[in-house]
Amino acid sequence: MERQIWLHRAQRGLQKASERKGRPLTAACITFGCQMNARDSEKLRGMLAEIGFTITDTEEADLVLYNTCTVRENANTKIYGRLGYLHSMKKKDPDKIIALCGCMMQEPGVIEAIRRNYPYVNMVFGTHNLYRLPELVACVLESPQEQFIAILKDTDEIVEDLPKIRKYHFKSGVNIMFGCNNFCSYCIVPYVRGREKSRSPEDILNEIRTLAQDGVKEIMLLGQNVNSYGKTLQEPVTFAELLDRAAEVDGIDRIRFMTSHPKDLSKELIRVMARNPKICRHLHLPLQSGSTRILEKMNRRYTKERYLELVSEIRSAIPDISLTTDIIVGFPGETEEDFRETLDVVSRVRYDSAFTFLYSRRTGTPAASMSDQIDENTMHDRFDRLLTLVQTIGREQTARFTGQVMPVLVESVNTQQKDLVTGRLGNNTVVHFPGSKSLIGEIVPVRLDECRGFYYLGTQARSE
Ligand code: SAH
Ligand code: SF4
Ligand code: F3S
């Protein structure tokens, strides 16, 4: 109810502001970080549109909202840099509204810095209270000289039914859980996203049904550790059960999910994936390190051997699956020997692709106060060696479907060559092939003629 009152107040405030300007006002929400943030941004844009803003995606907009990430230090540095740029624009247009939200705002040190050094930021909120956006907009429109900050440390509440503006009409993320309880020793996410909370299966399935009615063909179930979905619900449900039920929804042809923690990946999940062709033949299974000694210091709760065993169970049940991963190089105390264990796992598993990261020291995490931090040169040297191996294997793995005909969900017209369209295979590999705009959102059979590193060039094949 209170949300409605604030919404009306924001709508009235905006109407007056646009009468003064003599034109409709625009808003842009710019996303940094992961798929969770991207999905939150769709809700933020939905709320901004409901207030009455015309949604754009440029920083020229009358209101610019940065939805921030803080997983690595460089994510924060980037935001401070971009704030400087927004400030120079605001000097020319003092009515410009600058707003910040997302993971970085959940760090107390960041809020202090914004209060002290960035007085031109109009409003700040966090990851637990997105739904307060209309209230903060109303306050800023009424008192543009003040700075409004609203941060909650954590919450048990899941606010359903926020409006959303989806980026694609044919695919969508669906949150199944929020937060994380794993406390990997290097990671800041549990501190900024709070404790793990699962949405009820009914709410999730209703959302999927509505999306299917809207023409969505592909969904991605989102959570920091989807394999522990449902454990804390009053009537516990497993992630595998949820997947099975999601696959029953008519109109949904492809289901993806992110991210799977190896420690919680069940045999039941492997069985459900194997027998259900709607579930994409792709599993993102973050390794982080191949050394059991480092994995223990990371608090990952699996060993090198267990990870490899899991991979072989998955491969024997689903032989054509593509595996991808995340790896951190230079965790405190990592020796050359530990690093070679990581290279060894990469050579054995043969990932289709891998995100590789330099370890970043995040204040407040246990790893930040470990004594044996690795020097920059060693870190960069290992990073380069890992990247070379990951890319060599990735090319070979990606190319293994050359000559086959496979379904491609077409996503866009190619940006460089207008007579090509671009889409993705079920395993997430990008494919370009001759075609027109009318194919966007369709799943079409494509012959994979030639693999160029990490993508294919193909030609449309006839449907049976
Ligand atoms: N919940 C997901 C990952 C979320 S963060 C999972 O557990 O897999 C995405 C990736 O960022 C992580 O997998 C990790 O590889 C990387 N990452 C997290 N904290 C980091 C840090 N402090 N330094 C470098 N990389 C980090
Ligand atoms: Fe971070 Fe670990 Fe949670 Fe992933 S599982 S978000 S890496 S603490
Ligand atoms: Fe970044 Fe937050 Fe995602 S810290 S990686 S945007 S959960």
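Preceding this paragraph is the structure being described.
Residues numbered from 1 in each chain as written. Chains lettered and ligands numbered in written order. Predicted model: local features only at pLDDT ≥ 70, side-chain atom pairs only at ≥ 80, totals over all residues. Heavy atoms only, no water.

Caption draft 1: Geometry of the site of ligand 2. Around ligand 2 sit Cys180, Asn182, Phe183, Cys184, Tyr186, Cys187, Val189, Pro190, Gln224, His261 and Arg300, and that is every residue in its neighbourhood. Here the shell around ligand 2 is composed, by residue class, of seven nonpolar, three polar and one charged. (Near = heavy atom within 4 Å. Nonpolar A, V, L, I, M, F, W, Y, C, P; charged D, E, K, R; others polar.)

Caption draft 2: Structural context of the site of ligand 1. Residues in close proximity to ligand 1 total 15 residues, the closest being Gln224, Pro286, Gln288, Asp326 and Ser360. Here Tyr186 contributes a backbone N or O atom positioned 3.1 Å from a nitrogen atom of ligand 1. Within the side chain of Asp326, one N or O atom sits 2.7 Å away from an oxygen atom of ligand 1. Notes on ligand 1: free accessible area 540 Å², of which the protein chains cover 89%. Mapped onto the shell around ligand 1, the elements with two or more residues apiece are strand S13 (322-329) and strand S14 (353-358). Its residues assigned to classes, the shell around ligand 1 comprises seven nonpolar, four polar and four charged. (Polar contact = N/O pair within 3.5 Å; in protein donor to acceptor, adjacent residues only side chain to side chain. Areas by Shrake-Rupley, 256 points an atom, 1.4 Å probe, with all protein chains shown as cover. Helix = DSSP H or I, 4+ residues; strand = E, 2+ residues; numbered from the N terminus.)

Caption draft 3: Broad picture of the side chain of Ser228. Structurally, Ser228 can be placed in the loop between strand S10 (218-222) and helix H8 (239-247). Reaching out from Ser228, the side chain makes a polar contact with the side chain of Glu196 at a distance of 2.9 Å. The residues touching Ser228, leaving out its near neighbours within four places in the chain, are Met177, Glu196 and Asp264. (Contact = heavy atoms within 4.5 Å.)

Caption draft 4: The arrangement of the pairing of strand S17 (residues 430-434) in detail. Pairing geometry for strand S16 (residues 420-424) and S17, over five bridges, is antiparallel. Bridge pairing in S17 places Thr422 opposite His432. When S17 meets strand S19 (residues 455-460), the two strands line up parallel, connected through three bridges. Bridge assignment links Val431 to a residue of S19, and that residue is Tyr456. (Pairing = 2+ DSSP bridges.)

Caption draft 5: Layout of the nonpolar core. Counting 69 residues, the largest nonpolar core has Ile208, Leu221 and Phe239 as the members making the most contacts within it. Top contributing element to this core by residue count: H8, with six residues. Residue contacts for Leu221: discarding those within four places in its chain leaves Val174, Ile176, Ile208, Val226, Phe239, Leu242, Leu243, Ile255, Arg256, Phe257 and Met258. Counting 32 residues, the second-largest nonpolar core is a separate cluster that includes Leu7, Leu25, Ala27 and Ile51. (Core = buried A, V, L, I, M, F, W, Y, C linked by side-chain atoms within 4.5 Å. Buried < 20%, exposed > 50% of the residue type's maximum accessible area, 1.4 Å probe, protein only.)

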